Amino acid sequence: MRASAVSVALLMLVLGACAAKVPIDASGGAIVPSVVGSPSVVPTSSGHASPSAAPSTSCPGRSWPPYRLGSIPGLAASSRDRATIEITNRTDRTYYYRVAGWQPDQFETCRALGEEAVEEGPIAAGSTMRVMIGAFADRLEVPITVAFWTEPCREGCQRDAPIAAMVVARSPLEPAAS
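Residues numbered from 1 in each chain as written. Predicted model: local features only at pLDDT ≥ 70, side-chain atom pairs only at ≥ 80, totals over all residues. Heavy atoms only, no water.

Undergrad: I would appreciate a short explanation of the sheet that holds strand β1 (residues 75–81) in the present structure.
TA: Backbone-to-backbone hydrogen bonds pair the strands of a sheet. The strands run either parallel or antiparallel. Pairing within the open sheet is antiparallel, and its three strands lie in the order β1-β2-β5. Each having just a single partner strand, β1 and β5 (128–132) make up the two edges of the open sheet. Between one strand and the next, the sheet's axes are offset by a mean angle of 20°, whatever the strand orientation. Where β1 lies against strand β2 (residues 84–89), six bridges are found, and the strand directions are antiparallel. The partner of D81 across the bridge, within β2, is T84. (Pairing = 2+ DSSP bridges. Helix = DSSP H or I, 4+ residues; strand = E, 2+ residues; numbered from the N terminus. Axes fitted to C-alpha atoms, helices over the stretch in contact; angles between N-to-C directions.)

Spelled out as C-alpha cells, the structure:
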C-alpha cells in the first residue's frame, strides 16, 4: 500500500471506532464535508459524560475534520518518522500553526474525535520546524493535523477556522536514536 492509502485506511479505522460515517469517493479517498455553522475549531474534550444522559456513540451535527482541509502554496507538512512532523514554509510571510492529534473522546453526551494540541507557534518565511509528537508516536491510528492561520492566537482568543489545514500521512519509521 502507498503511504497515503495507509493513512486513509488508518483514518477510516479511527473514524469507524467513533461510529462516524465518512463517505468514500470512487478513488477510495474520504470525502471531507465542509463545516456548517460555527467557524470555530472543535474544542478539546470536556472529560466526563453528563450523569443524567447516557452517552451516544457519535455526536450529531459534528463532522471530522471540523474545518475544511486545504493547502497554501509553499506550506507543507510531512512525517519524517513516527515521532516527528516537519513543517516547511517556503512563502514570503510568517504563518501560525497548530499540530494536533485527534482521538476518540467523550464529550458531554456523545463520543467523537477530540483534538489534542501538540504544539503551536509561528513559522517564519523560509524556515522549517520539527515538531515532536511523542504522545502519538506509537499510535499510528491517530490522525495528526497541521492547521495554519495568518494571525497568532493570544491568551483567551477564540480562533476562527484555519485558512489551511492538512492531515499528515504518518511515517511508520522508528525515530533515529539520539
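Undergrad: Is there a simple way to explain the pattern of salt bridges in this structure?
TA: Any two side chains of opposite charge can pair if their charged atoms end up close together. Summed over the entire model, instances satisfying the criterion amount to seven salt bridges. Salt-bridge contacts for E174 lead to R82; the nearest nitrogen and oxygen are separated by 3.0 Å. Of the two residues, E174 is situated in the segment after β7 (164–168) and R82 in the loop between β1 and β2; the sequence distance between them amounts to 92 residues. According to the relative accessible area criterion, E174 is exposed, its value standing at 55%. (Salt bridge = Lys/Arg side-chain N within 4 Å of Asp/Glu carboxyl O. Buried < 20%, exposed > 50% of the residue type's maximum accessible area, 1.4 Å probe, protein only.)

Undergrad: What is the right way to look at the nonpolar core in this model?
TA: The nonpolar side chains of a soluble globular protein tend to be buried, and buried together. If you look at the biggest cluster of nonpolar residues, it comprises 19 residues, and the most contacted ones within it are I85, I87, Y97, V99, V146 and F148. Of all elements in the fold, only β1, β2, β3 (95–106), β6 (144–149) and β7 reach the threshold of two or more residues within this core. Beyond its immediate chain neighbours, meaning those up to four positions away, I85 contacts S78, S79, M129, R130, V131, I133, I144, V146 and V168. In this structure, Y67, W102, A147 and A165 belong to the second largest nonpolar core, which totals eight residues. (Core = buried A, V, L, I, M, F, W, Y, C linked by side-chain atoms within 4.5 Å. Contact = heavy atoms within 4.5 Å.)

Undergrad: I keep staring at the pairing of β2 and nothing clicks. Help me out?
TA: For a regular strand, side-chain orientation follows a simple rule: the groups alternate between the two sheet faces. By the criterion of burial, β2 is predominantly enclosed, with six of the six residues buried. Burial of β2 is two-sided: the residues T84, E86 and T88 facing one way and the residues I85, I87 and N89 facing the other way are all buried. Note: β2 against β5, five bridges, orientation antiparallel. Counterpart to I87 in the pairing with β5 is M129.

Undergrad: Mind showing me how you'd approach the side chain of D81 here?
TA: Topologically, D81 is positioned in strand β1. Buried charged residue D81 carries no salt bridge. Nearest counter-charge: R80, at 5.2 Å. Engagement of the side chain of D81 in a polar contact is seen with the backbone nitrogen of A83, the distance being 2.8 Å. A polar contact is formed between the side chain of D81 and the backbone nitrogen of T84, at a distance of 3.0 Å. For D81, the contacting residues outside a window of four places in its chain are S171, L173, E174, P175 and A176. (Lys, Arg positive; Asp, Glu negative; His and termini not counted. Polar contact = N/O pair within 3.5 Å; in protein donor to acceptor, adjacent residues only side chain to side chain.)

Undergrad: I tried to follow the sheet that holds β3 on my own but got confused; where do I start?
TA: With antiparallel pairing, four strands are arranged side by side in an open sheet as β4-β3-β6-β7. With one partner strand each, in any of the chains shown, β4 (111–123) and β7 form the two edges of the open sheet. Averaged over all adjacent pairs, the angle separating strand axes in this sheet is 25°, with direction ignored. Bridge analysis of β6 against β7 gives five bridges, and the strand direction is antiparallel. The residue bridging F148 from the neighbouring strand is A164, located in β7.

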